[in-house]
Amino acid sequence: MILKRALADRVKRSCLRKVFSILLLCAMAFSLPAACAAPAKDGAVWTEEEARFIREHPVIRLGVDPEFVPYEFFDEDGQYTGITSEYLNLISRISGLRFDVALGLTWPEAYDKALNRELDALPAVGMTPQRAERFLFSEPYYEFKRVIVVRVEEREINDLRGMEGRIIAVQRNSSHHSYLLEHPGISLSLYDDVEEALTAVATGAERAFVGNLATCNYLIRSSALTGLRLISFEARKQQELYFAARKDWPELISIFNKSLDLIPQAQKAAINQRWIE
């Protein structure tokens, strides 16, 4: 009798262990997809779709403006550098993505290749309605001001109204190009190179150029151009820089946004101080 009771107890305990094991496996099965969907690096937590994207597209091909100083440009040693470059380095560290910058292209060439998906993303662009039809955009990560560049003796062009009925120089495929296209009363003289356009204004070949404040300031100083002045004609309006990616890659945009959110404000301020202040 005692032996039968002992055997019964042993069978009961064995059954309970099996039931517990089955319940544990079920719990693990339900929680496993969530764990796989959220690998973490430097505090980043990715969805399953984002994690898969990083595995399947470890290298992102970038189209850049080679003279968009101080945001992105190539230095004397041919190295890609600037504000955007620093942000990309941080995003690479957070996400594990690598960024491959296409070399030897003008900005219009890089832009066209991105339109044709020969390149995957444009890391330093302004958003326009036309661009929003062709690309997906991240949250903005930097601000800049739009200016008119004229010769010091110019008195008639001081604002948008003053440009009406005149020919104004602008960089082809830039956000300023798109902006001026919204004003049909302004005729455009298109340049692939900002420095060339500024030189044309300095020599009198062009009457005015529209671009961004920091780039124009830098190129005027570095090229020793004289006799020019800059007019901030949208005093209360800040332009913004974005990462733009191909329309079929929404995961890349969400990866950009999550990575930007993880960059400490002090680090962003330090980048600004190195290049602007």
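Whatever comes next refers back to the structure up there.
Residues numbered from 1 in each chain as written. Predicted model: local features only at pLDDT ≥ 70, side-chain atom pairs only at ≥ 80, totals over all residues. Heavy atoms only, no water.

Pulling in residues and values, what's your account of the overall build of the protein?
For the protein, the helix and strand inventory stands at 11 helices and 16 strands. Counting across all 277 residues of the protein, residues that qualify as buried make up 44%. Contacts in the protein between residues far apart in sequence, at least 24 positions, make up 71% of those at least 6 positions apart. Here the protein has roughly 15,000 Å² of accessible surface; of this, 54% comes from carbon and sulfur atoms. (Helix = DSSP H or I, 4+ residues; strand = E, 2+ residues; numbered from the N terminus. Buried < 20%, exposed > 50% of the residue type's maximum accessible area, 1.4 Å probe, protein only. Contact = heavy atoms within 4.5 Å. Areas by Shrake-Rupley, 256 points an atom, 1.4 Å probe, with all protein chains shown as cover.)

Explain the nonpolar core to me, using residue names and the numbers behind them.
Ranked by internal contacts, the top residues of the largest apolar core, which has 37 residues, are Ile60 and Leu252. Where this core is concerned, the elements lending two or more residues are helix 2 (48-56), strand 3 (59-62), helix 3 (83-95), strand 7 (98-101), strand 8 (121-125), strand 10 (142-144), strand 16 (239-246) and helix 10 (250-262). Element by element, the count of residues in this core is highest for helix 3, at 6 residues. Ignoring anything within four residues of it in the chain, the contact list for isoleucine 60 reads Phe53, Leu97, Arg98, Phe99, Asp100, Asp120, Ala121, Trp249 and Leu252. Listed in part, the 17 residues of the second largest apolar core include Val194, Val201, Leu219 and Leu225. (Core = buried A, V, L, I, M, F, W, Y, C linked by side-chain atoms within 4.5 Å.)

Hey, could you go over helix 9 (residues 213-222) for me, with residue numbers and the actual values?
Along helix 9, the residues that are buried comprise Ala214, Thr215, Cys216, Leu219 and Ile220. The backbone nitrogen of alanine 214 has a side-chain oxygen 3.1 Å away, supplied by the residue at the start of helix 9, namely asparagine 212. Once helix 9 ends, the next one or two residues include alanine 224, with phi positive near 55°. (Polar contact = N/O pair within 3.5 Å; in protein donor to acceptor, adjacent residues only side chain to side chain.)

Pulling in residues and values, what's your account of the pairing of strand 3?
Here strand 3 shows a buried face lined by Ile60 and Leu62 and an unburied face lined by Val59 and Arg61. Summarising the sheet, strand 3 and strand 7 pair through 4 bridges and their orientation is parallel. Bridging across to strand 7, leucine 62 finds its partner in valine 101. (Pairing = 2+ DSSP bridges.)

How would you explain empty space enclosed by the protein if you had to name every residue and give the values?
Throughout the structure, instances matching the rule amount to 1 cavity of 30 Å³ or more. Roughly 170 Å³ of internal volume is contained in the largest cavity. Phe68, Gln171, Ser174, Ser175 and His176 are the residues nearest the centre of the largest cavity, which is lined by 18 residues in total. Those elements that provide at least two residues to the lining of the largest cavity are strand 8, helix 7 (175-181) and strand 14 (208-212). The element contributing the most residues to the lining of the largest cavity is strand 14, with 4 residues. (1 Å grid on protein atoms, 1.4 Å probe; cavity = no way out; pocket = protein on both sides within 12 Å on 5 of 7 lines; lining within 4 Å. Points joined across faces, edges and corners; volume = space filled by probe spheres on them.)

Lay out the sheet that holds strand 4 (residues 67-68) with the relevant residues and their values.
The 3 strands are arranged 4-5-6 in an open sheet whose pairing can be described as antiparallel. Strands at the two margins of the open sheet, each flanked by one partner only, are strand 4 and strand 6 (80-81). Sheet topology places strand 4 next to strand 5 (residues 72-74); 2 bridges connect them, and they run antiparallel. Along strand 5, the bridge assignment pairs phenylalanine 68 with glutamate 72.

Give me the lowdown on the packing of aromatic side chains, citing residues and values where you can.
The geometry of an aromatic ring pair comes down to the distance between the two centres and the angle between the two planes. This structure, assessed with the given rule, holds 15 aromatic pairs. Look at tyrosine 87 and tyrosine 141: their rings are 5.1 Å apart centre to centre, the planes differ by 55°, and that puts the pair in the tilted class. On the criterion of sequence distance, the pair formed by tyrosine 87 in helix 3 and tyrosine 141 in the loop between strand 9 (135-137) and strand 10 is long-range, its members being 54 residues apart. Across this residue pair, the class does not change: tyrosine 87 and tyrosine 141 are buried. Ring pairs connect the aromatic residues Tyr87, Phe99, Tyr141, Phe243 and Phe256, which therefore count as one cluster. The ring of tyrosine 179 carries the charged tip of arginine 146 above its face, separated from the ring centre by 4.1 Å. (Phe/Tyr/Trp six-rings, centres within 6.5 Å; stacked < 30°, edge-to-face > 60°. Lys NZ or Arg CZ within 6 Å of the ring centre and 35° of its normal.)

Before we move on, can you summarise the sheet that holds strand 13 (residues 187-191) with the specific residues and values?
Sheets are built from strands that pair by backbone hydrogen bonding, the pairs being arranged parallel or antiparallel. If you walk across this open sheet you meet the 5 strands as 13-12-14-11-15, and the pairing is mixed. Taken across any chain shown, the strands that pair with only one partner, and hence form the sheet edges, are strand 13 and strand 15 (228-231). The mean inter-strand angle of the sheet, taken between neighbouring strand axes irrespective of direction, is 30°. Where strand 12 (residues 167-171) meets strand 13, 5 bridges bridge the pair, whose relative direction is parallel. By the bridge assignment for strand 13, isoleucine 167 is matched with serine 187. Along the sheet face, helix 9 touches strand 11 (146-151), strand 14 and strand 15 and points at about 115° away from the line of strand 14. (Axes fitted to C-alpha atoms, helices over the stretch in contact; angles between N-to-C directions.)

Describe the environment of glutamate 118, and please don't skip the residues or the numbers.
Secondary-structure assignment places glutamate 118 in the loop between helix 4 (107-115) and strand 8. Classification of glutamate 118 by relative accessible area gives partly exposed; the value is 39%. Note: C-alpha distance between glutamate 118 and glycine 63 (55 residues apart in sequence) is 9.3 Å. Apart from the residues within four sequence positions on either side, glutamate 118 is in contact with Arg61 and Lys113.

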